[in-house]
Amino acid sequence: MFKSGFVSIIGRPNVGKSTLTNRIIGEKLSIVSSKPQTTRNNIMSIYNKGDEAQLIFVDTPGLHKPKNKLGSEMVKMATESVGDVDLLVFITEPQSKVGKGDQFILDNIKGKNVPVFLLINKTDKSTPEEIAETITAYSEAYPFKEIVPISAINGNNVDTLIQLMVDYMPEGPRYYPEDMITDRQERFIVMEIIREKALRLLEQEVPHGIAVEILSMKTTEKGTYKIEANMLCEKSSHKGIIIGKNGAMLKKISTYARQDIEKFLDAKVYLRIWVKVKEEWRDSPFLLRELGYKE
């Protein structure tokens with residue numbers, strides 16, 4: 001019997017949703033940084049377990065109180081992903097009581113006719129006592145079907161989690177070809193890799209005002225990729241920070257991005273990035289639609 005189904009990964013920003021997805025799939029498809037609200041789009045990642053099962057994961061933006069139209073679109077995408085899935089995976093961190101953010105999410109999924117797992121992530125940085133307190137507090141807040149302490153960063157207990165998810169899946173078809181690992185096109189992954197490098201390297205106030213658009217992505221006869229991209233920011237002062245003294249910061253972003261893009265595409269890459277100011281793009285319905293954040 002072949003089993004298949006859709007799994008929605010939900011939780012507050014920066015609890016490890018994207019890290020877990022990347023660990024399960026074995027490829028870096030969702031970008032990761034220490035800054036909250038890194039994920040802006042629902043990204044479907046496909047896990048194939050031979051002739052036994054296929055799991056399709058939806059890595060969502062973290063649920064949070066939006067401050068602009070981009071934030072509203074992110075919350076809308078995260079909320080809608082809960083609707084039509086076979087399993088909900090709710091991720092939190094070890095803590096002695098259920099915080100307001102987690103309670104908000106749990107209140108939103110109450111009444112959903114779908115099994116819900118609780119994943120306690122970052123156990124590599126926690127004591128057994130802290131994990132036990134978390135299990136007690138969250139068990140009282142919601143009737144979880146399974147509770148699994150994990151460490152997404154180093155893979156602790158992730159294999160156990162995968163098998164439990166397969167156990168809960170219904171009988172079904174193979175929705176995607178066995179060699180397919182994401183529903184996103186190469187352009188989207190390249191765009192996200194560039195944005196990740198900016199998130200990791202730039203100052204705290206700049207990253208959330210950044211977007212990336214791919215202007216062109218072509219291959220030569222030798223299989224080399226030539227990629228041109230714009231990095232959009234909201235203020236002229238941010239443009240200076242992104243470029244850096246004598247172009248040093250932009251060069252660093254480009255170099256690190258190119259290295260990861262070459263790994264992803266398994267090909268040599270020439271990458272050029274320009275920085276442009278688009279004031280208040282996060283509140284522009286037209287720009288949000290152009291950049292792929294709004295249907």
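Look a little higher up for the structure.
Residues numbered from 1 in each chain as written. Predicted model: local features only at pLDDT ≥ 70, side-chain atom pairs only at ≥ 80, totals over all residues. Heavy atoms only, no water.

Q: Describe the packing of helix H1 (residues 17-25) against helix H5 (residues 158-168), and please don't skip the residues or the numbers.
A: Working note: a packed helix pair is described by the angle between its axes plus the distance between those axes. In contact at an axis separation of 11 Å, H1 and H5 are set at 85 degrees when each is read in the N-to-C sense. Comparing the axis directions of H1 and H5 gives the class roughly perpendicular. Each of Leu20, Arg23 and Ile24 in H1 lies in contact with H5, whose residues at this interface are Val158, Leu161, Ile162 and Met165. Classifying every residue of the contact of H1 with H5 by side-chain character gives 6 nonpolar, no polar and 1 charged. (Axes fitted to C-alpha atoms, helices over the stretch in contact; angles between N-to-C directions. Helix = DSSP H or I, 4+ residues; strand = E, 2+ residues; numbered from the N terminus. Parallel < 35°, antiparallel > 145°, perpendicular 65-115°, else oblique. Contact = heavy atoms within 4.5 Å. Nonpolar A, V, L, I, M, F, W, Y, C, P; charged D, E, K, R; others polar.)

Q: Explain the pattern of salt bridges to me, using residue names and the numbers behind them.
A: The tally for this structure, following the rule as stated, stands at 10 salt bridges. Across the pair Lys110 and Asp107 runs a salt bridge whose closest N-O atoms are separated by 3.6 Å. (Salt bridge = Lys/Arg side-chain N within 4 Å of Asp/Glu carboxyl O.)

Q: Pulling in residues and values, what's your account of the packing of aromatic side chains?
A: Per the stated rule, a full pass over the model turns up 5 aromatic pairs. Ring plane angle 10 degrees and centroid distance 6.2 Å describe the contact between Phe90 and Phe144, whose orientation is recorded as stacked. Of this pair, Phe90 sits in strand E4 (residues 87-92) while Phe144 sits in the loop between helix H4 (128-141) and strand E6 (146-149), placing them 54 residues apart in sequence. Classification of Phe90 as buried rests on a relative accessible area of 0%. One aromatic cluster in this structure is built from Phe90, Tyr138, Tyr142 and Phe144. Here the basic side chain of Lys268 rests over the ring of Tyr270, its NZ or CZ set 5.5 Å away from the ring centre. (Phe/Tyr/Trp six-rings, centres within 6.5 Å; stacked < 30°, edge-to-face > 60°. Buried < 20%, exposed > 50% of the residue type's maximum accessible area, 1.4 Å probe, protein only. Lys NZ or Arg CZ within 6 Å of the ring centre and 35° of its normal.)

Q: Provide a residue-level description of the nonpolar core, including the pertinent values.
A: Counting 30 residues, the largest nonpolar core has Ile194, Ile214, Ile227, Met231, Ile242 and Ile261 as its most contacted members. Val7, Ile25, Phe117 and Ala152 belong to the second-largest nonpolar core, a separate cluster that totals 25 residues. (Core = buried A, V, L, I, M, F, W, Y, C linked by side-chain atoms within 4.5 Å.)

Q: Tell me about unusual backbone geometry, and please be specific about residues and values.
A: The phi angle at Asn157 is positive, at roughly 70 degrees, despite the residue not being glycine. Note on placement: Asn157 falls in the loop between E6 and H5. With relative accessibility at 33%, the residue Asn157 sits in the partly exposed group. Of note in the backbone geometry, Asp266 takes a positive phi value of approximately 55 degrees without being a glycine. Inspection of the secondary structure assignment puts Asp266 in the loop between helix H8 (248-265) and strand E9 (269-277).

Q: Now, about the sheet that holds strand E7 (residues 211-219): what can you tell me, with residues and values included?
A: Spatially, E7-E8-E9 is the arrangement adopted by the 3 strands of the open sheet, whose pairing is mixed. Both outer strands of the open sheet, E7 and E9, are each paired with one neighbouring strand and no more. In this sheet, adjacent strand axes meet at a mean angle of 15 degrees when their direction is disregarded. As paired elements, strand E8 (residues 225-233) and E9 share 9 bridges and run parallel to each other. Its bridge partner lying in E9, Leu232 is registered against Lys276. Against the sheet, H8 engages E7, E8 and E9, with an angle of about 135 degrees to E9. (Pairing = 2+ DSSP bridges.)

Q: Outline the pairing of E6, supporting the account with residue identities and numerical values.
A: Looking at chain direction, strand E5 (residues 116-120) and E6 are connected through 4 bridges and run parallel. The residue of E6 that forms the bridge with Ile120 is Pro149. One crossover worth recording links E5 to the parallel E6 by way of H4, and it is right-handed. (Right-handed = clockwise from strand over helix to strand, strands pointing away.)

Q: I'd like a description of the packing of helix H6 (residues 186-201) against H8, backed by residues and values.
A: Contact geometry for H6 and H8: axes closest at 9 Å, N-to-C directions at 140 degrees. Taken as axis vectors, H6 and H8 run oblique relative to one another. H6 and H8 meet at a crossing whose hand is right-handed. Residues Glu186, Ile189, Val190, Ile193, Ile194, Glu196, Lys197, Ala198 and Leu201 of H6 form the contact with H8, whose own contacting residues are Met249, Lys252, Ile253, Tyr256, Ala257, Asp260, Ile261, Phe264 and Leu265. Of the residues that constitute the contact of H6 with H8, the class distribution is 13 nonpolar, no polar and 5 charged. (Left-handed = near helix turned anticlockwise from the far one by under 90°.)

Q: Give a detailed account of H1, specifying residues and quantitative values.
A: Burial analysis of H1 places 8 of its 9 residues in the buried class, which makes it a mostly covered element. Of all the residues in H1, the buried ones are Lys17, Ser18, Thr19, Leu20, Thr21, Asn22, Ile24 and Ile25. Packing partners of the buried residues in H1 comprise strand E1 (3-11), strand E2 (43-49), strand E3 (53-59), E4, E5 and H5. Residue Gly26 follows H1 closely and has a positive phi angle near 85 degrees.

Q: Lay out the pairing of E5 with the relevant residues and their values.
A: With respect to burial, E5 is a largely interior element, 5 of its 5 residues being buried. Burial of E5 is two-sided: the residues Val116, Leu118 and Ile120 facing one way and the residues Phe117 and Leu119 facing the other way are all buried. Sheet topology places E4 next to E5; 5 bridges connect them, and they run parallel. Across the sheet, Leu88 pairs through a bridge with Val116, a residue of E5.

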